[in-house]
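Coordinate analysis (summary)
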Amino acid sequence: SQTIHQWPATLVQPVGSPLSLECTVEGTSNPNLYWYRQAAGRGLQLLFYSVGIGQISSEVPQNLSASRPQDRQFILSSKKLLLSDSGFYLCAWYRGSVGANVLTFGAGSRLTVL
Amino acid sequence: AQSVTQLGSHVSVSEGALVLLRCNYSSSVPPYLFWYVQYPNQGLQLLLKYTTGATLVKGINGFEAEFKKSETSFHLTKPSAHMSDAAEYFCAVSGATNKLIFGTGTLLAVQP
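Now for a look at the structure at hand. (Residues numbered from 1 in each chain as written. Chains lettered and ligands numbered in written order. Predicted model: local features only at pLDDT ≥ 70, side-chain atom pairs only at ≥ 80, totals over all residues. Heavy atoms only, no water.)

Focus: the packing of aromatic side chains
Applying the stated criterion to the full structure yields 14 aromatic pairs over all chains. Put simply, the rings of A:Tyr34, A:Tyr36, A:Tyr49, A:Tyr94, A:Phe105, B:Phe34, B:Tyr36, B:Phe90 and B:Phe102 touch in pairs and so form one group of aromatic residues. Above the ring of A:Phe88, the side-chain terminus of A:Arg110 is found at 4.5 Å from the ring centroid. (Phe/Tyr/Trp six-rings, centres within 6.5 Å; stacked < 30°, edge-to-face > 60°. Lys NZ or Arg CZ within 6 Å of the ring centre and 35° of its normal.)

Put into structure tokens, the structure is as follows:
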């Protein structure tokens, strides 16, 4: 069966420090991968998605970047964190035709920037 | 472009009462519609989805939703609320792209 892992689960970082959040999927190949951010009162904001290795689409201009170095690995990064980067980051995947497939979410990574 | 509007960021019901969470969508193509639930500090779990066919969709935990094209709505209902239904609920839409667009969520409180 397929599983999705995110780590770290919780992270407290000072402003200006770097960030790396990792997401891996097991039990599937060539998944579509997504990073969402959930901030208080703002729902779920799509940050990046990837349809294959090295292919990244950015949805909003921001202080973050994403990379997909391997088929089932998706990394969210920042060189210098801002206070506004605080939030709950969710990785998700699906495989198959567009539109009707269900996203499967990881358990999330909670980032607090102080 | 696609978007979702969830009316009411907070909804409170009594245990045993009807649950109604509202969702309106905008889509230039036939939409696929979803409801997800999120319990505190967890990821999201699918409740139900509408793709094509029957407009009344039944999901897990006794929830159901009806796709109404004329009203561009996909409201979530449950006849009788249970304490365990307290969570945040998200409506989402996708179409001819790889992206799933979420609403801002509705936090459901269930009072004893």
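Next comes the rest of the account.
With respect to the state of the cysteines
Per the stated rule, a full pass over the model turns up 2 disulfides over all chains. Between A:Cys23 and A:Cys91 runs a disulfide, and the two sulfur atoms are separated by 1.9 Å. One quick way to see it: the torsion about the S-S bond of A:Cys23 and A:Cys91 is about -75°, and its sign makes the bridge left-handed. Within this pair, whereas A:Cys23 is found in strand E3 (residues 19-26), its partner A:Cys91 is found in strand E9 (residues 87-94), the two being separated by 68 residues in sequence. Across the pair, A:Cys91 and A:Cys23 agree in class, each one buried. Put simply, B:Cys23 and B:Cys91 are joined by a disulfide, and their sulfur atoms are 1.9 Å apart. Around the S-S axis, the bridge from B:Cys23 to B:Cys91 shows a dihedral of about -65° and counts as left-handed. Here B:Cys91 lies in strand E9 (residues 87-94) and B:Cys23 lies in strand E3 (residues 19-26), a separation of 68 residues in the sequence. (Disulfide = S-S within 2.5 Å. Helix = DSSP H or I, 4+ residues; strand = E, 2+ residues; numbered from the N terminus. Buried < 20%, exposed > 50% of the residue type's maximum accessible area, 1.4 Å probe, protein only.)

Some words on the environment of A:Ser67
Residues and elements named next belong to chain A. Within the element layout of this structure, Ser 67 appears in strand E7 (residues 65-70). Judged by relative accessible area, Ser 67 falls into the partly exposed class, the value being 30%. Sequence spacing of Ser 67 and Gln 55 is 12 residues, and the spatial spacing of their C-alpha atoms is 8.0 Å. Setting aside its immediate chain neighbours within four residues, Ser 67 contacts Ile 56, Gln 73, Phe 74 and Ile 75. (Contact = heavy atoms within 4.5 Å.)

Quick notes on the sheet that holds strand E1 (residues 3-7) of chain A
Residue and element names in this part refer to chain A. Strand order in the open sheet made by the 4 strands is E1-E3-E8-E7, with antiparallel pairing throughout. Because the sheet does not close on itself, it has two edges, and the strands there are E1 and E7. Pairwise comparison of adjacent strand axes, ignoring direction, gives a mean angle of 20° for this sheet. (Pairing = 2+ DSSP bridges. Axes fitted to C-alpha atoms, helices over the stretch in contact; angles between N-to-C directions.)

Some words on the interface of chain A and chain B
Listed per partner, the contact involves 24 residues of chain A and 23 residues of chain B. Here chain A and chain B share an interface that buries about 1,700 Å² over both sides, 58% of which is from carbon and sulfur atoms. Note that B:Lys99 is salt-bridged to A:Glu59, the shortest N-O span being 3.2 Å. Viewed at the interface, chain B and chain A are joined by 4 residue pairs in polar contact (both at pLDDT 80 or more). Going through the elements one at a time, strand E4 (32-38), strand E5 (44-52) and E9 of chain A are the ones with two or more residues in the side of chain A that touches chain B. Taken together, the residues of the side of chain A that touches chain B sort by class into 15 nonpolar, 6 polar and 3 charged. (Buried area = accessible area lost by both parts, 1.4 Å probe. Salt bridge = Lys/Arg side-chain N within 4 Å of Asp/Glu carboxyl O. Polar contact = N/O pair within 3.5 Å; in protein donor to acceptor, adjacent residues only side chain to side chain. Nonpolar A, V, L, I, M, F, W, Y, C, P; charged D, E, K, R; others polar.)

Some thoughts on unusual backbone geometry
Going from A:Trp7 to A:Pro8, the amide bond is cis rather than trans, its omega being -5°. Looking at the element boundaries, A:Pro8 is found in the loop between E1 and strand E2 (10-13). Even without glycine at this site, A:Asn30 takes up a positive phi of about 50°. A positive phi angle is found at B:Thr72, which is not glycine, with a value near 45°. Accessibility expressed as a relative area gives 31% for B:Thr72, which makes it partly exposed.

Thoughts on the pairing of strand E8 (residues 73-78) of chain A
Residue and element names in this part refer to chain A. Counting buried positions along E8 yields 5 of 6 residues, so the element is predominantly enclosed. Two strands pair when backbone bridges link them, and E3 and E8 are joined in this way by 6 bridges, in the antiparallel orientation. Within E8, the residue paired with Leu 21 across the bridge is Leu 76. Across 4 bridges, E7 lies against E8 in antiparallel orientation. Each residue of the ladder has a partner; that of Ala 66, found in E8, is Leu 76.

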